[in-house]
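Given next are the chains, with one letter for each unit.
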Amino acid sequence: MNKIKSGIYGLNSLLDGGINENSATVVIGCSGAGKTTLATQFIRRGLEMGQEGIFVSLDENKEQIIREAIQMGWKKIVDYIDEEKLVFIDASGHEFSAFIKKELPSFVADWKGANARISIDPLTPVMWSTTDRYEQRELIGFMLKETRKVGTVLATLEEHGMTGNLSGNETVIPMYLADCVIHLKTLHAQDDGLQRRLKIMKCRSSRHSKMEHDYSIVKGLGVVVNPDNSSLVHTKEKPGELQKMLEESKVHIPSRVYQRLSDVLGELREDDFSAIKLEVLMQEIIAEYSDD
Ligand SMILES: Nc1ncnc2c1ncn2[C@@H]1O[C@H](COP(=O)(O)OP(=O)(O)O)[C@@H](O)[C@H]1O
Ligand SMILES: [Mg+2]
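On to the overall build of the protein, then. A count of helical and extended segments in the protein gives 10 helices and 11 strands. Across its three principal directions, the C-alpha atoms of the protein cover 55 × 45 × 35 Å. For the protein, buried positions account for 55% of its 292 residues. On the protein, roughly 12,900 Å² of surface is accessible, and the fraction owed to carbon and sulfur atoms is 48%.

As structure tokens, then:
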């Protein structure tokens, strides 16, 4: 099983080294959980390693996704689009069964074997395009099978209502068809505000973590996961410390990453680091690029 780096700090070790190449991963979470952010990080990581990126948006339009990526500190996204290394397929407002059965196969024929990274964000409108469970399964199964011919796929899925047991019809079928399932849970702790936890529900051929892991969404870093439950902190750490650590670790990380992080340091706040210790975060950043 060939593993590829996810681009999400803290996640690779939980997935037994990273995301399985040519597999389909489904990321499930409620609105605001960080699904689009994570899908963008996954694409960005591939682009940085010379892989092409394909962003299939079924919900937001291309401009909105680009705007949000820039706001999260990824200014270089526009260069990749200019160079046509990052391609958007804006399927929002389409009739999905026709899109999947007709447009998708011709796209796949053009890109077959490209070893690209494909994000589908979110799969939910496809589930809603029909109430027939058999047809839902056919459509999602076909979509994942076809896109996998182009490379490694990460699809997101909206979770509605109470976050938790993943038993709803709209999550069961995609979960069954995926090679890997990641759940982004949002808990509403009484005094602590939002508490975010990531759990890997399944990952084929991998000894993956079975635990829940705190995660947060930080400008310049995106979704960051605390891989070490024993170092759960919830004490606020000083962003100034990160600056110091970044300088110390400069030689161990790519210059583009150093630049991206340096650019946002001034905007970070203590509560951005309530889910992960700064030393652990820095170790994870270095580990992400150690084989590049
Ligand atoms: N500039 C930012 N800095 C830090 N966090 C942000 C920023 N912009 C958005 N967020 C966080 O990201 C969340 C939205 O992430 P997103 O990936 O769009 O979620 P989803 O796709 O699951 O709805 C927001 O709820 C907010 O907590
Ligand atoms: Mg989204």
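Before going further, it helps to spend a moment on the site of ligand 1. In the region of ligand 1, 13 residues are neighbours, and Gly 32, Gly 34, Lys 35, Thr 36 and Thr 37 sit closest. Taking Gly 34, its main chain carries an N or O atom lying 3.0 Å from an oxygen atom of ligand 1. One nitrogen or oxygen atom from the side chain of Thr 36 is found 2.8 Å from an oxygen atom belonging to ligand 1. Contact with the protein chains removes 65% of the 580 Å² of surface that ligand 1 exposes when unbound. Looking at the shell around ligand 1 element by element, the count peaks at 3 residues for helix H1 (residues 35–48). Its residues placed into classes, the shell around ligand 1 shows 4 nonpolar, 6 polar and 3 charged.

Summarising the element assignment, Thr 130 is placed in the loop between helix H5 (124–128) and helix H6 (133–148). The exposure class assigned to Thr 130 is buried, which follows from its relative accessible area of 12%. At 3.3 Å, the side chain of Thr 130 forms a polar contact with the side chain of Glu 135. Setting aside residues no more than four positions away along its own chain, Thr 130 makes contact with Glu 135, Gln 136 and Leu 139.

Let's shift gears to the pairing of strand S3 (residues 24–29). With 6 of its 6 residues buried, S3 lies for the most part within the structure. Side-chain alternation along S3 places Ala 24, Val 26 and Ile 28 on one buried face and Thr 25, Val 27 and Gly 29 on a second face that is also buried. Bridge count between S3 and strand S7 (residues 151–158): 6 bridges; the pairing is parallel. Its bridge partner being in S7, Val 26 is matched across the sheet by Ala 155.

Counting 35 residues, the largest nonpolar core has Ile 54, Val 56, Leu 58, Ile 120, Leu 123, Val 126 and Met 143 as its most contacted members. Sorting elements by how many residues they give to this core places helix H4 (residues 96–111) first, with 7 residues. Those residues in contact with Met 143, other than ones at most four positions away along the chain, are Leu 58, Phe 99, Ile 100, Leu 104, Ile 120, Leu 123 and Val 126. Ile 8, Ala 69, Ile 77 and Cys 180 belong to the second-largest nonpolar core, a separate cluster that totals 34 residues.

According to the stated counting rule, one finds 0 disulfides in the structure shown. Residue Cys 180 stays outside any disulfide, its sulfur separated by 3.9 Å from that of Cys 203, the closest cysteine. Residue Cys 180 is classed as buried on the basis of its relative accessible area, which comes to 3%. For Cys 203, a relative accessible area of 7% translates into the label buried.

Our next topic: the packing of H6 against helix H7 (residues 169–177). Axis separation between H6 and H7 bottoms out at 10 Å; the angle between their running directions is 40°. Considering their axes alone, H6 and H7 lie oblique with respect to each other. Crossing handedness for the pair H6 and H7: right-handed. When H6 is examined against H7, the residues Arg 133, Gln 136, Arg 137, Ile 140, Gly 141 and Leu 144 are found in contact with a partner set consisting of Asn 169, Ile 173, Pro 174, Tyr 176 and Leu 177. Class assignment of the residues belonging to the contact of H6 with H7 gives a composition of 6 nonpolar, 3 polar and 2 charged.

Reading the values: the criteria
Residues numbered from 1 in each chain as written. Chains lettered and ligands numbered in written order. Predicted model: local features only at pLDDT ≥ 70, side-chain atom pairs only at ≥ 80, totals over all residues. Heavy atoms only, no water. Helix = DSSP H or I, 4+ residues; strand = E, 2+ residues; numbered from the N terminus. Buried < 20%, exposed > 50% of the residue type's maximum accessible area, 1.4 Å probe, protein only. Areas by Shrake-Rupley, 256 points an atom, 1.4 Å probe, with all protein chains shown as cover. Near = heavy atom within 4 Å. Polar contact = N/O pair within 3.5 Å; in protein donor to acceptor, adjacent residues only side chain to side chain. Nonpolar A, V, L, I, M, F, W, Y, C, P; charged D, E, K, R; others polar. Contact = heavy atoms within 4.5 Å. Pairing = 2+ DSSP bridges. Core = buried A, V, L, I, M, F, W, Y, C linked by side-chain atoms within 4.5 Å. Disulfide = S-S within 2.5 Å. Axes fitted to C-alpha atoms, helices over the stretch in contact; angles between N-to-C directions. Parallel < 35°, antiparallel > 145°, perpendicular 65-115°, else oblique. Left-handed = near helix turned anticlockwise from the far one by under 90°.

By themselves these figures say nothing about function.
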